[in-house]
Amino acid sequence: MSTSAPMTEQAAGAPVEPKRLRVLVVDDHDVVHWGFRLMLGQMQWVERCLSARTGSEAVAVCRRYEPHVALVDLFLGGESGPEICERLRAEAPAPRVLLMSGAGSISPRAARAAGAVGFISKDSSAKEIAQMVRMVGDGREVFSETTNAAVPSLTDRESEILALIAGGATNREIAGTLYLSPHTVKEHTSTLYRKLGARNRADAVQRAQRLGLRA
């Protein structure tokens with residue numbers, strides 16, 4: 001009489017352990033690194049929480065540790081989060097990138113164009129952030145309705161002025177093109193800067209492009 005082979009835990013119906021993730025946090029603020037590492041370090045499904053403060057550091061960490069998920073700040077000092085995302089996605093194996101910000105947002109179209117699979121606000125609860133990181137690690141996208149709502153809405157006139165700014169036109173030239181007074185153009189420009197959180201003309205154009213707005 002033959003003896004059956006011992007039944008494995010998986011064959012016995014025991015739950016399969018979830019995949020443990022290596023997570024990379026790319027941000028230039030120490031408080032953010034501390035908070036994310038503290039929060040994610042408590043999750044049983046997180047194997048290791050890594051950190052980088054620049055795009056170059058992120059690429060180096062990615063090559064050494066091969067993280068599954070990378071959380072990348074949208075505005076990293078003088079660097080663009082989407083540009084860092086493109087650099088990370090060029091690595092092999094490439095991490096799945098979740099863009100994040102505490103002061104802005106990005107349209108799903110622009111985020112996907114950079115290779116990202118989601119966006120989350122730093123103001124989200126720890127539970128929400130952990131849930132989205134795990135979803136991204138499981139191969140899902142995490143764009144919510146609030147992602148679109150957070151993108152500033154420009155009027156047709158503001159969009160026209162933004163396009164002319166991107167083309168290098170001065171306020172006086174914009175006034176002549178649109179048949180407006182220089183004072184009116186200045187008011188529209190100030191409103192445009194405020195909506196985009198920009199400091200100057202070049203910053204306004206760059207932020208608009210990152211957010212997927214026409215410029």
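Anything mentioned here points back to the structure above.
Residues take numbers from 1 onward in each chain, read along the sequence in its written order. Only residues with pLDDT of at least 70 get local features here, since the model is predicted, and only at 80 or more are side-chain atom pairs given and counted; chain-wide, interface and lining totals rely on the full set of residues. Only hydrogens and water are set aside when side-chain values are computed; all heavy atoms of the structure are taken into account.

1. Some points on the packing of helix α7 (residues 156–166) against helix α9 (residues 182–196)
Note the cut-off: Comment: axis = line fitted to C-alpha atoms, over the contacting stretch for helices; angle = value between 0 and 180 degrees taken between N-to-C directions. Strands are runs of DSSP state E lasting at least two residues, helices are runs of H or I lasting at least four, and both sets are numbered from the N terminus onward. Throughout, the term roughly parallel applies to angles under 35 degrees, roughly antiparallel to angles over 145, roughly perpendicular to angles from 65 to 115, and oblique to all others. The contact rule is simple, with two residues in contact once any of their heavy atoms fall within 4.5 Å. Classes in brief: Ala, Val, Leu, Ile, Met, Phe, Trp, Tyr, Cys and Pro nonpolar; Asp, Glu, Lys and Arg charged; the others, Gly included, polar.
Two elements in contact, α7 and α9, have axes separated by 10 Å at closest approach and are oriented at 90 degrees. The angle between α7 and α9 falls in the class roughly perpendicular. Across the interface between the two elements, Arg157, Glu158, Ile161, Leu162 and Ile165 of α7 pack against His188, Thr189, Thr191, Leu192 and Lys195 of α9. For the contact of α7 with α9, the per-class residue count stands at four nonpolar, three polar and three charged.

2. Observations concerning the nonpolar core
How we decide: Residues grouped as a nonpolar core are buried Ala, Val, Leu, Ile, Met, Phe, Trp, Tyr and Cys residues, joined through side-chain atoms within 4.5 Å. Working definition: with a 1.4 Å probe on protein chains only, accessible area under 20% of the residue-type maximum means buried, over 50% means exposed, and in between means partly exposed.
Residues Leu24, Val26, Val72, Leu88, Val97, Leu99 and Ile106 are the most contacted members of the largest nonpolar core, which totals 25 residues. Looking at this core, the elements with two or more residues in it are β1 (21–26), β2 (46–52), α2 (55–65), β3 (69–73), β4 (75–76), α3 (81–89), β6 (96–101) and α4 (108–114). It is α2 that contributes the most residues to this core, four residues altogether. When residues no more than four places from it in sequence are discounted, the contact partners of Leu88 are Ala58, Val59, Cys62, Ala70, Val72, Ala94, Pro95 and Val97. In terms of nonpolar packing, the next biggest core, distinct from the first, is built from 23 residues, Phe36, Leu98, Met100 and Ile120 among them.

3. Re the sheet that holds strand β7 (residues 118–121)
Put simply, the rule is: Paired strands are those between which DSSP finds at least two bridges.
Spatial strand order, β2-β1-β3-β6-β7: five strands in an open sheet with parallel pairing. The sheet is open, and its two borders are formed by β2 and β7, each paired with just one other strand. Sheet twist, expressed as the average angle between the axes of neighbouring strands with direction ignored, equals 25 degrees. Where β1 meets β2, six bridges bridge the pair, whose relative direction is parallel. In the sheet register, Leu21 faces β2, and the bridge partner there is Val46. The strands touched by helix α1 (residues 30–40) within the sheet are β1, β2, β3 and β6, with β2 carrying the most contacts at an inclination of about 175 degrees. Here helix α5 (residues 126–137) sits on the sheet and contacts β1, β3, β6 and β7; the angle it forms with β7, its principal contact strand, is near 170 degrees.

4. Some details on the pairing of β6
The buried fraction of β6 is high, at five of six residues. Relative to β6, β3 runs parallel, the two being bridged by five bridges. Its bridge partner lying in β6, Ala70 is registered against Val97. Sheet analysis places β6 next to β7, joined by four bridges and oriented parallel.

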